Amino acid sequence: MLAAMTPFPQEVYKVTKCIPRGKVTTYAAIARALKNPRAARAVGNALHKNPFVPQVPCHRVVQRDGKVGGFARGRREKIKILRHEGVKISNGKVEPAFLIIKL
DNA sequence: ACGGTGACGCTCA
DNA sequence: TTGAGCGCCACCG
């Protein structure tokens, strides 16, 4: 069931859900979309607890420098999924071309 | 109410 | 360029 949660995580999931397949964005970009540019860390926290997987494609969220970042089921798995979606990853970093800064 | 924690980010050496 | 350090925010016990 949908547990009552603070508005912040809800907004995070809402935005993340809009990330198209084969593309990725950053924690900072999401924070920015929420008008909370300093909350990148909190965004990661919310995604970590993401109860709507895989409805909410949290695996499409990476770090600002392109590094894949963390994943509840392991970075390894996260990379695997992204590659499966066509996202090119070299040396643990996604090609900037797949990055969506504007949401 | 308070302090610790975490899927981050920027600055500086 | 890469790594260490510090700051930031929201959540939990």
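The following refers to the structure shown.

Each value, and the rule that gives it
Residues numbered from 1 in each chain as written. Chains lettered and ligands numbered in written order. Predicted model: local features only at pLDDT ≥ 70, side-chain atom pairs only at ≥ 80, totals over all residues. Heavy atoms only, no water. Near = heavy atom within 4 Å. Polar contact = N/O pair within 3.5 Å; in protein donor to acceptor, adjacent residues only side chain to side chain. Helix = DSSP H or I, 4+ residues; strand = E, 2+ residues; numbered from the N terminus. Patch = residues over 30% accessible without salt bridge, like charges linked within 9 Å, V, L, I, M, F, W, Y side chains within 5 Å. Areas by Shrake-Rupley, 256 points an atom, 1.4 Å probe, with all protein chains shown as cover. Salt bridge = Lys/Arg side-chain N within 4 Å of Asp/Glu carboxyl O. Lys, Arg positive; Asp, Glu negative; His and termini not counted. Charge placed at Lys NZ, Arg CZ, Asp CG, Glu CD. Buried < 20%, exposed > 50% of the residue type's maximum accessible area, 1.4 Å probe, protein only. Core = buried A, V, L, I, M, F, W, Y, C linked by side-chain atoms within 4.5 Å. Contact = heavy atoms within 4.5 Å.

### Brief notes about the protein's contact with DNA strand B
- In the neighbourhood of DNA strand B, 14 residues make up the surrounding shell, with R41, N45, H48, Q63 and R64 lying closest.
- Restricting attention to atoms of DNA strand B within 4 Å of the protein, one finds that 42% of them are sugar or phosphate atoms.
- Here a phosphate oxygen of DNA strand B and a backbone polar atom of A28 are 3.2 Å apart.
- Within the side chain of R41, an N or O atom sits 2.8 Å from a base nitrogen of DNA strand B.
- Of all the elements, helix α3 (residues 40–48) adds the most residues to the surface near DNA strand B, at 6 residues.

### Quick word on a positive patch on the surface
- A grouping of R32, K35, R64 and K102 is seen on the molecular surface, where their side chains present a positively charged patch.
- Its location among the elements puts K102 in the segment after β4 (93–94).
- For K102, a relative accessible area of 69% puts it in the exposed group.

### So, the nonpolar core
- One finds V12, Y13, I30, V43, L47 and V61 to be the most contacted residues of the largest nonpolar core, which totals 16 residues.
- For this core, the elements supplying multiple residues, two or more each, are α1 (7–16), α2 (27–33) and α3.
- In this view, V43 contacts F8, V12, Y27, I30 and A31; residues no more than four positions away in its chain are not counted.
- One finds V24, V62, I79 and I89 within the second-largest nonpolar core, a separate group that totals 10 residues.

Read these as geometric descriptors, not functional statements.
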